[in-house]
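# Coordinates in review
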Amino acid sequence: MIAKLTEAERAALVDLLPNWILAKGRDAIERSFKFRDFSEAFGFMTRVALLAEKHDHHPEWSNVWNRVSIALTTHDAGGLSERDIKLAEAIDLIA
Ligand SMILES: C[C@H](O)[C@H](O)[C@H]1CNC2=NC(N)=NC(=O)C2=N1
């Protein structure tokens, strides 16, 4: 079982991950991306997929042509955990 984020860790998220927002109605963080076209969007998704495998942590996401929406939450914890922060930081580096 993975520990959920503490209140202090949660409060630090705004500064730690300024590009991500807390989801409404569930314990997750979200970020949306817009690319020039589908090819760029899917190329990004491919890189994120490889990252996710490396982290053994996987996004909930959707793609519509040049847009990609990502939600991160830890199913094994029933909410946000350190794993979501780590993956979000890694995604930010390749975005
Ligand atoms: C067995 C495997 O390590 C687990 O199922 C991993 C895989 N990827 C995961 N991804 C996410 N988002 N949450 C999890 O709890 C999770 N668990």
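Residues numbered from 1 in each chain as written. Predicted model: local features only at pLDDT ≥ 70, side-chain atom pairs only at ≥ 80, totals over all residues. Heavy atoms only, no water.

## Notes on the pattern of salt bridges
Under the definition given, this model contains 5 salt bridges. With a closest N to O distance of 2.7 Å, Arg-36 and Glu-40 form a salt bridge. On the accessibility criterion, Arg-36 (64% relative accessible area) is exposed. (Salt bridge = Lys/Arg side-chain N within 4 Å of Asp/Glu carboxyl O. Buried < 20%, exposed > 50% of the residue type's maximum accessible area, 1.4 Å probe, protein only.)

## What about the site of the ligand?
The local shell around the ligand consists of Asp-56, His-57, His-58, Thr-73, Thr-74, His-75 and Asp-76. One of the side-chain N or O atoms of Asp-56 is found 2.6 Å from an oxygen atom in the ligand. At 2.8 Å from a nitrogen atom of the ligand is found a side-chain nitrogen or oxygen belonging to His-58. For the ligand, whose free accessible area comes to 390 Å², the fraction covered by protein is 68%. Broken down by class, the residue content of the shell around the ligand amounts to no nonpolar, 5 polar and 2 charged. (Near = heavy atom within 4 Å. Polar contact = N/O pair within 3.5 Å; in protein donor to acceptor, adjacent residues only side chain to side chain. Areas by Shrake-Rupley, 256 points an atom, 1.4 Å probe, with all protein chains shown as cover. Nonpolar A, V, L, I, M, F, W, Y, C, P; charged D, E, K, R; others polar.)

## Quick notes on the pairing of strand β3 (residues 60–64)
Here β3 pairs with strand β4 (residues 67–72) via 5 bridges, running antiparallel. Considered in β4, the bridge of Asn-63 is made with Val-68. The turn joining β3 and β4, which pair antiparallel and follow one another in sequence, is formed by 2 residues; a positive phi near 50° is taken by Trp-65. (Pairing = 2+ DSSP bridges. Helix = DSSP H or I, 4+ residues; strand = E, 2+ residues; numbered from the N terminus.)

## Considerations on the nonpolar core
Within the largest apolar cluster, 21 residues are counted, with the highest numbers of intra-cluster contacts made by Trp-20, Ile-29, Phe-44, Val-68, Ile-70, Leu-72 and Ile-91. Of all the secondary-structure elements, those providing two or more residues to this core are β2 (29–34), α3 (38–55), β4 and α4 (82–94). (Core = buried A, V, L, I, M, F, W, Y, C linked by side-chain atoms within 4.5 Å.)

## A few points about the side chain of Asn-66
Position of Asn-66 relative to the elements: it lies in the loop between β3 and β4. Here Asn-66 is in contact with Phe-33, Lys-34, Phe-35, Arg-36, Asp-37, Phe-38 and Ala-41, once residues within four sequence places are set aside. (Contact = heavy atoms within 4.5 Å.)

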